[in-house]
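# Chain and residue survey
In case you want the letters, here they are:
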Amino acid sequence: MTVSPPHVDPFDLVIFGGTGDLALRKLLPALFHRFVDGQVPAASRIIGVAREGLDDAGYRGLVRDVLADGGGASEQIDAFLPQLYYLPLDARKDEGWDTFAALVNEQPEHIRVFYLSTSPELFVDICNRLGANGLNGPNSRVVLEKPIGRDLASAMGIIEAVGRVFSEAQTFRIDHYLGKETVQNLLALRFGNALFEPLWNAGHIDHVQITVAETLGLGRRAGYYDRAGALRDMVQNHMLQLLCMVAMEPPASLSPDAVRDEKLKVLHALKPIDMRNSAQLTVRGQYKAGAIDGERVPGYLEELDDGQSSTETFVALKAEIANWRWAGVPFYLRTGKRLSARLSEIVVAFKSVPHSIFDATAGPLAQNRLVLRLQPDEGVKLWLTIKHPGPGGLRLRHVPLDMSFAEAFGVQQPDAYERLLLDVVRGNPTLFMRRDEVEAAWRWIDPILAAWGGAGELPRPYAAGSWGPSAAVALIERDGRTWNEDSE
Ligand code: BG6
């Protein structure tokens with residue numbers, strides 16, 4: 001059954017950082033796909049803004065190439081491009097802002113979305129200039145890309161300064177992991193089925209694993225990434241948000257604050273990791289040269305201009321949530337660049353049965369595991385123990401109930417940004433981070449950064465194409481557990 005996409009009113013979407021990696025790789029393709037589905041009404045405008053001296057035609061040419069490389073049909077690209085505009089603008093200089101304001105004001109009725117796909121250092125300048133030009137009225141919304149700041153103090157500085165121009169209801173702090181189908185499916189699985197929630201606690205769950213593994217290296221992002229590192233780039237936001245979605249109490253409804261209140265409680269209940277325990281609970285790594293899919297890839301330092309850095313490209317850590325539901329249940333998190341495969345998944349491992357009635361010939365009993373695959377091949381697997389079919393005694397097998405969303409629904413899953421961009425246009429902040437969530441996440445991350453800085457240790461090396469430093473394996477194996485092998 002095909003469901004037609006809901007109606008969207010005409011809007012103007014301005015992308016600051018319009019020629020950057022995120023805009024070209026994610027935002028514009030997402031808007032194009034929504035256009036193809038009829039959700040970018042003809043009067044809507046998409047305005048790219050950046051320092052490069054391009055004009056509309058130059059920008060359209062750039063975007064055409066990107067969309068064509070991504071497999072877009074040329075008639076559809078031709079139809080989409082006239083809705084694109086470009087204006088050169090420097091957030092730190094006065095020139096051009098009156099022209100920009102005049103362009104935006106040509107459509108006073110439209111919802112206006114200002115997407116700040118720039119370095120967080122520019123957020124405040126841009127918002128101040130939007131305010132000074134009267135572009136922060138009730139139909140304006142601002143979208144802030146993560147990471148907001150590089151620690152709690154800088155994040156609060158940004159949040160407060162932006163808050164002087166845009167109200168909380170107008171501010172959308174994006175974490176695109178919340179727009180991924182499987183993440184939203186966690187809500188459906190947990191709260192749409194009677195089966196899981198009674199078992200969703202320390203009495204029945206042994207541990208949780210969250211892996212976000214990438215094969216990519218730095219690409220065009222060395223300048224940003226080397227100042228951020230994996231903890232700020234992935235853990236402070238995406239990984240902690242996934243953890244919250246697994247661990248939160250059932251919200252009373254899907255209203256934005258009901259969901260965000262519950263996530264915030266989880267962040268507040270995280271046990272601190274600091275200089276006393278970070279050596280036992282965290283592992284940081286940096287990739288060296290290696291091979292991925294048979295191709296040699298350079299090491300991290302070789303990708304940098306000056307060849308020096310102590311930035312981590314891999315993090316594994318063991319988190320615990322100190323509350324009644326989760327006390328004593330470890331949440332193992334790992335993420336890294338240049339790993340063996342592109343794979344993101346959440347594994348909920350249930351406790352073993354309390355007593356085995358089977359004899360040794362039946363084979364070992366394994367834990368039930370619920371595996372939510374975010375990418376690639378989004379889907380859900382529930383590993384169960386069954387009897388191996390046929391005569392010859394009772395032998396046990398561990399097999400998955402396996403649901404690939406693509407196979408089950410026969411459709412390509414939309415990219416997370418497609419959903420989230422339209423949520424901004426419609427003014428629905430449920431899947432965006434409230435200011436107190438961002439602050440609570442930094443409050444937990446800051447002591448880890450301080451502990452690493454204080455210890456003065458370099459990240460552990462790992463070969464590109466591996467699963468990270470061996471210490472990450474030791475982190476979980478010390479507890480008598482293993483990373484989910486189905487994925488490796
Ligand atoms: C971004 C990070 O937020 O997420 C990137 O800044 C990372 O470093 C990306 O590559 C991963 O997103 P996805 O959707 O490809 O898993």
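Residues numbered from 1 in each chain as written. Predicted model: local features only at pLDDT ≥ 70, side-chain atom pairs only at ≥ 80, totals over all residues. Heavy atoms only, no water.

## Remarks on the sheet that holds strand E11 (residues 314-319)
- Spatially, 9 strands are ordered E16-E15-E14-E13-E7-E12-E11-E8-E17 in an open sheet, and the strand pairing comes out mixed. In this open sheet, the two edge strands, each paired with only one partner strand, are strand E16 (396-404) and strand E17 (460-463). Recorded for the sheet is a direction-independent mean angle of 20° between the axes of neighbouring strands.
- For strand E8 (residues 282-288) and E17, the ladder comprises 4 bridges, and the chain directions are parallel. (Pairing = 2+ DSSP bridges. Helix = DSSP H or I, 4+ residues; strand = E, 2+ residues; numbered from the N terminus. Axes fitted to C-alpha atoms, helices over the stretch in contact; angles between N-to-C directions.)

## Examining the nonpolar core
- Of all hydrophobic cores here, the largest spans 148 residues; its most connected members are Phe-16, Phe-100, Phe-114, Trp-200, Phe-331 and Ile-346.
- In terms of residue count, helix H9 (residues 230-247) provides more of this core than any other element does, 12 residues in total.
- Phe-100 has contacts with Val-14, Phe-16, Val-49, Leu-87, Leu-89, Phe-114, Leu-130 and Leu-135, leaving out every residue within four places of it along the chain. (Core = buried A, V, L, I, M, F, W, Y, C linked by side-chain atoms within 4.5 Å. Buried < 20%, exposed > 50% of the residue type's maximum accessible area, 1.4 Å probe, protein only. Contact = heavy atoms within 4.5 Å.)

## So, the UniProt feature "domain: Glucose-6-phosphate dehydrogenase NAD-binding" (unreviewed entry) in the chain
- Residues given the UniProt feature "domain: Glucose-6-phosphate dehydrogenase NAD-binding" (unreviewed entry) here are residues 14-185.
- As annotated, residues 14-185 has a helix share of 42% and a strand share of 16%, and its two end C-alpha atoms lie 30 Å apart. (UniProt positions renumbered as here; feature names shortened; annotations may be inferred.)

## Quick notes on the site of the ligand
- Every one of the 13 residues lining the ligand counts as a neighbour, but Tyr-177, Lys-180, Glu-214, Asp-233 and Gln-375 are closest to it.
- Between the ligand and Tyr-177 there is a distance of 2.5 Å, counted from an oxygen atom to a side-chain nitrogen or oxygen.
- One of the side-chain nitrogen or oxygen atoms of Glu-214 is found 2.5 Å away from an oxygen atom of the ligand.
- In isolation the ligand has 400 Å² of accessible area, and contact with the protein removes 90% of it.
- Counting residues per element, the shell around the ligand draws most heavily on H9, at 3 residues.
- Among the residues forming the shell around the ligand, the class breakdown is 2 nonpolar, 3 polar and 8 charged. (Near = heavy atom within 4 Å. Polar contact = N/O pair within 3.5 Å; in protein donor to acceptor, adjacent residues only side chain to side chain. Areas by Shrake-Rupley, 256 points an atom, 1.4 Å probe, with all protein chains shown as cover. Nonpolar A, V, L, I, M, F, W, Y, C, P; charged D, E, K, R; others polar.)

## Some points on the packing of aromatic side chains
- Summed over all chains, the structure comprises 15 aromatic pairs.
- Here the aromatic rings of Phe-16 and Phe-100 are separated by 5.7 Å at their centres, their planes lie at 70°, and the arrangement is edge-to-face. Placement of Phe-16 in strand E1 (residues 11-16) and of Phe-100 in helix H4 (residues 97-105) is noted, with a sequence separation of 84 residues between them. The burial state of Phe-16 is the same as that of Phe-100; both residues are buried.
- Where Trp-97 meets Phe-100, the ring centres are 5.6 Å apart and the plane angle is 80°; that geometry is what we call edge-to-face. Of this pair, Trp-97 and Phe-100 both sit in helix H4, 3 residues apart, which is roughly one turn of that helix. Of the two residues examined, Trp-97 and Phe-100, each falls in the buried class. (Phe/Tyr/Trp six-rings, centres within 6.5 Å; stacked < 30°, edge-to-face > 60°.)

## Comments concerning the domain arrangement of the chain
- Parsing the chain into structural domains produces domain 1 (11-145) and domain 2 (178-416 + 431-477).
- The centre of domain 1, based on its C-alpha atoms, is set 33 Å off from the matching centre of domain 2.
- Contacts between the two partners involve 6 residues from domain 1, matched on the other side by 4 residues from domain 2.
- For the pair domain 1 and domain 2, the two sides together bury roughly 500 Å², of which 42% comes from carbon and sulfur.
- For the domain 1 face of the interface with domain 2, the top three residues by lost area are Asp-21, Lys-26 and Glu-121, together amounting to 57%. (Domains from an automatic or database assignment. Buried area = accessible area lost by both parts, 1.4 Å probe.)

## Examining the UniProt feature "binding site: substrate" (unreviewed entry) in the chain
- What UniProt calls "binding site: substrate" (unreviewed entry) maps, in this numbering, to His-176, Lys-180, Glu-214, Asp-233 and Lys-337.
- Looking at the element boundaries, Glu-214 is found in the loop between strand E7 (205-213) and helix H8 (222-228).
- What Glu-214 contacts, discounting residues up to four positions off in sequence, is Met-234, Gly-336, Lys-337, Arg-338, Leu-339, Ala-341 and Arg-342.
- Position of Lys-337 among the secondary structure elements: in the loop between strand E12 (331-336) and strand E13 (343-350).
- With relative accessibility at 5%, the residue Lys-337 sits in the buried group.

## A few points about the environment of Leu-401
- Its location among the elements puts Leu-401 in strand E16.
- A relative accessible area of 53% places Leu-401 in the exposed class.
- Taking the C-alpha atoms as reference, Leu-401 lies 30 Å from Lys-337; in sequence the two are 64 residues apart.
- Apart from the residues lying within four places of it in its own chain, the contact partners of Leu-401 are Val-380, Lys-381, Leu-382 and Leu-384.

## A word on the environment of Leu-152
- Inspection of the secondary structure puts Leu-152 in helix H6 (residues 152-163).
- Distance in space between the C-alpha atoms of Leu-152 and Val-438 is 8.6 Å, their sequence separation being 286 residues.
- Sequence-distant contacts of Leu-152, defined by excluding residues within four places in its chain, comprise Glu-439, Trp-442, Arg-443 and Asp-446.

## Focus: helix H5 (residues 123-132)
- Residues of H5 that are buried: Phe-123, Ile-126, Cys-127, Arg-129 and Leu-130. Down the axis of H5, the smallest arc covering the buried residues is 165°, so these residues share one side.
- The inward-facing, buried residues of H5 abut E1, H4, strand E4 (111-116), strand E5 (140-144) and H6.
- Just beyond H5, the residue with positive phi is Gly-134, at close to 70°. (Arc of directions from axis to C-beta.)

## Focus on the sheet that holds strand E6 (residues 171-173)
- An order of E3-E2-E1-E4-E5-E6 is seen for the 6 strands of this open sheet, with the pairing classed as parallel. Pairing within the sheet leaves two strands with one partner each, and these edge strands are strand E3 (84-88) and E6. The mean angle between the axes of side-by-side strands here comes to 20°, regardless of whether they run parallel or antiparallel.
- The pairing of E5 with E6 spans 3 bridges and is classified as parallel.

## Here's the deal with the side chain of Arg-173
- Looking at the secondary structure, you find Arg-173 in strand E6.
- The exposure class assigned to Arg-173 is buried, which follows from its relative accessible area of 3%.
- Among the polar contacts listed, one links the side chain of Arg-173 to the side chain of Glu-168, at a separation of 2.9 Å.

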